[in-house]
Amino acid sequence: MSTDATDTEPLPILLLNGPNLNTLGIRQPEVYGSATLADVVELAERTAGELGYGLRAAQTNHEGEMIDWLHEARGNISGIVINPAAWTHTSVALADALVIPDVPIMEVHISNVHKREEFRHHSFVSPLASGVIIGYGIRGYEFAIRRLVEVLG
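These numbers were taken from a predicted model, which means no experiment stands behind them.

### What about the pattern of salt bridges?
Reasoning step 1: For the coordinates displayed, the defined rule picks out five salt bridges.
Reasoning step 2: Arginine 46 is the salt-bridge partner of glutamate 42, the closest N and O atoms lying 2.6 Å from each other. Of this pair, glutamate 42 and arginine 46 are both found in helix 2 (residues 37-50), four residues apart, which corresponds to roughly one turn of the helix.
Reasoning step 3: For glutamate 42, a relative accessible area of 40% translates into the label partly exposed.
Reasoning step 4: By relative accessible area, which is 41% here, arginine 46 ends up partly exposed.

### A closer look at helix 5 (residues 139-152)
Reasoning step 1: Counted at 1.5 Å a residue, the expected span for helix 5 with its 14 residues is 20 Å, and the 20 Å between its end C-alpha atoms agrees.
Reasoning step 2: Taken residue by residue, helix 5 has Gly140, Tyr141, Glu142, Ala144, Ile145, Leu148, Val149 and Leu152 as its buried positions.
Reasoning step 3: Structurally, helix 5 contributes buried residues whose contacts are with strand 1 (13-17), helix 2, strand 2 (55-59), strand 3 (79-83), strand 4 (105-109) and strand 5 (131-134).

### Some details on the side chain of threonine 88
Reasoning step 1: Here threonine 88 is to be found in the loop between strand 3 and helix 4 (92-98).
Reasoning step 2: What makes threonine 88 buried here is its relative accessible area of 1%.

### Observations concerning helix 2
Reasoning step 1: Across its 14 residues, helix 2 extends 20 Å between first and last C-alpha, which sits within 8% of the 20 Å expected from 1.5 Å per residue.
Reasoning step 2: Those residues of helix 2 that are buried lie in contact with strand 1, strand 2 and helix 5.
Reasoning step 3: At the C-terminal side of helix 2, glycine 52 shows a positive phi close to 85°.

### Thoughts on the UniProt feature "binding site: substrate" (unreviewed entry) in the chain
Reasoning step 1: If you check UniProt for "binding site: substrate" (unreviewed entry), the listed places come out as Asn83, His89, Asp96, Ile110, Ser111 and Arg120 in our numbering. Annotated residues spanning 38 residues; largest pairwise C-alpha distance 24.4 Å, indicating distribution over more than one region.
Reasoning step 2: Along the chain, aspartate 96 falls in helix 4.
Reasoning step 3: Mapping serine 111 onto the fold places it in the loop between strand 4 and strand 5.
Reasoning step 4: Classification of serine 111 as buried rests on a relative accessible area of 9%.
Reasoning step 5: If we skip the residues at most four places from it in the chain, serine 111 touches Val31, Tyr32, Arg116, Ile134 and Gly135.

Calculation criteria
- Residues numbered from 1 in each chain as written.
- Predicted model: local features only at pLDDT ≥ 70, side-chain atom pairs only at ≥ 80, totals over all residues.
- Heavy atoms only, no water.
- Salt bridge = Lys/Arg side-chain N within 4 Å of Asp/Glu carboxyl O.
- Helix = DSSP H or I, 4+ residues; strand = E, 2+ residues; numbered from the N terminus.
- Buried < 20%, exposed > 50% of the residue type's maximum accessible area, 1.4 Å probe, protein only.
- Expected span 1.5 Å × (residues − 1).
- Contact = heavy atoms within 4.5 Å.
- UniProt positions renumbered as here; feature names shortened; annotations may be inferred.

Pasting the structure below:
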């Protein structure tokens, strides 16, 4: 388990959400449900806390900002839970940045992307991830955190 300088508490988990996830609860509720991003963060904080971890959560619609956060995360986090949203299928730059922190990664998608448009079936993130959780609604974030902590040992 990664720890801070005092070697008493694990470094926090970084939860990242990509473009348009700030509109959860209003955007296509038939696909994404009625839960909001605040609900996602609350669930993730509660789950991480139960497992002895803090959580740093952030969402952006700007790819470069997310890449900067990943650069800054090196040495400061235990692992990453990420819902890259549309960048999953398009961003080599994000995939390149995800290896910089050198920690385990869990990829999450609220909807089952394999039941959707063909372009959503490919992920640049999945080959980097310790696990991929797809189609469980926001509970996928809980599952991802629990599995990430198992991977961290």
